[in-house]
Amino acid sequence: MDSTGTQSSAGTGAEKDRAATSLTEATPAPAPDPAPTTAEAPDIQSHDTFVIRKTLSLTAGEYVVSVARPDGSEGEPVAYAREKRLSLRGQVTVDTDASRKSVLAAFKGRDHEVGYMYDVRDASGQSFGSFYEDAGASFLRRTWQVRQPGTMKLTGRERSRVVAFVRFVWEFVPYLEYVPFIWPYRFKYNESGKPLMTVTKKLGLHTRYVLEILAPDIDRRLAIAHTLALDALEVD
C-alpha cells in the first residue's frame, strides 16, 4: 500500500503471477496417447502341424489355416486364403488375418518347360520357393517337386496307387468333377529317400487337410502355400 493508502497494482500483478505459476506446477501435464502398435504375424515357423479347412462359395474357395492341437483339432488360426475358381493358372494369396491386409505369401503360375511353375513370394514380391507338378511321373500317381533355394528339394507323391487311380478316373466321369472326392489320400515328401513332410486329406464331405512337417528348415510359408495348391490346382 502506498502513502495515500492505495494498494499497489504492481504488487497485485506479481502475486497473481506467483499464484498462476504455483497452479501450473501443481497440475501435471496430461500423459501422451500411447503410440499405435502393429499386430505381428503368428510365429508359424515354430509349429510343425497345421490343419487347412476349405469352404466353398459360388466364385471362390475360402481356406483357413490353423495350428493343430495335440488331439488333431483346429487351434489358433494363422493364415487365410482365397482361391478364385475361374483363375486359369491358379493364383492364391495367403494372408495373416481375416481382414486380408497383411500378406504372408502368394503364388501364381507361369509358363515353364515343365508346364506351369509356381513361384511363392512374400509381401514384397521376393521369391523364396517354388513348386511344379512332375507331369511325367504323375501318370499313375500325382507327383510334385517343391524347391526351397539353398535348402532342399522335395519330391511329393501320392502313397496309394489305388486311390490315385480312382481319383484319376473320377475326374473324367461326367458331373463327378463338381463333386468333392471324399475318400482320404496322402502325399509323402522326401529328399534322397528321407521323409520330410506329409499332406493328408481327411475323410469327409468337408475338405480338410493336415500338413505335417518333419524338418525344421522347411519354410512353413512354402509348405502351406503348396498344400493349398494341391487343392486349388486339382479337380476334386
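This one's a predicted model, so the numbers in the text were calculated from it and none came from an experiment. (Residues numbered from 1 in each chain as written. Predicted model: local features only at pLDDT ≥ 70, side-chain atom pairs only at ≥ 80, totals over all residues. Heavy atoms only, no water.)

What follows is about the overall build of the chain. Regarding its fold elements, the chain presents 3 helices and 12 strands. For the chain, the proportion of its 236 residues judged to be buried stands at 36%. Pairs at least 24 residues apart make up 37% of the contacts formed inside the chain by residues separated by at least 6 positions. With an accessible surface of roughly 14300 Å², the chain has 56% of that area assigned to carbon and sulfur atoms. (Helix = DSSP H or I, 4+ residues; strand = E, 2+ residues; numbered from the N terminus. Buried < 20%, exposed > 50% of the residue type's maximum accessible area, 1.4 Å probe, protein only. Contact = heavy atoms within 4.5 Å. Areas by Shrake-Rupley, 256 points an atom, 1.4 Å probe, with all protein chains shown as cover.)

On to unusual backbone geometry. In the Ramachandran plot, R100 falls in the positive-phi region, its phi being about 60° despite a non-glycine side chain. Its identity as a non-glycine residue notwithstanding, S192 has a phi of 55°, on the positive side. If you trace the backbone, S192 turns up in the loop between strand 10 (185–191) and strand 11 (194–201). A relative accessible area of 82% means that S192 is categorised as exposed.

All right, on to the side chain of S66 then. In this fold, S66 is placed in strand 2 (residues 60–68). According to the relative accessible area criterion, S66 is buried, its value standing at 1%. Among all residues touching S66, those that are not within four sequence positions of it are T49, F50, V51, E74, G75, E76, P77 and V78.

The next thing to look at is the pattern of salt bridges. Per the counting criterion, the structure on display carries 10 salt bridges. When the shortest N-O distance is used, the salt bridge between D119 and R121 registers 4.0 Å. Under the relative-accessibility criterion, R121 is labelled partly exposed at 34%. Shared partners join several salt bridges into a network, and the residues in it are E62, R82, D95 and R100. (Salt bridge = Lys/Arg side-chain N within 4 Å of Asp/Glu carboxyl O.)

Attention now moves to the packing of aromatic side chains. Inspection of the entire model under this criterion finds 7 aromatic pairs. Taken together, a centroid distance of 5.4 Å and an interplanar angle of 15° make the contact between Y118 and F131 stacked. One end of the pair, Y118, is in strand 6 (residues 115–121); the other, F131, is in strand 7 (residues 127–133), and 13 residues separate them in sequence. Assessed through its relative accessible area of 7%, Y118 is described here as buried. We classify F131 as buried; its relative accessible area is 0%. Ring geometry for Y185 and F187: centres 6.2 Å apart, planes at 75°, overall edge-to-face. Both residues of the pair, Y185 and F187, belong to the buried class. Chaining the aromatic ring pairs together yields one cluster made of F107, Y116, Y118, F131 and W144. Over the ring of F128 we find R221, and its NZ or CZ is 3.8 Å from the ring centre. (Phe/Tyr/Trp six-rings, centres within 6.5 Å; stacked < 30°, edge-to-face > 60°. Lys NZ or Arg CZ within 6 Å of the ring centre and 35° of its normal.)

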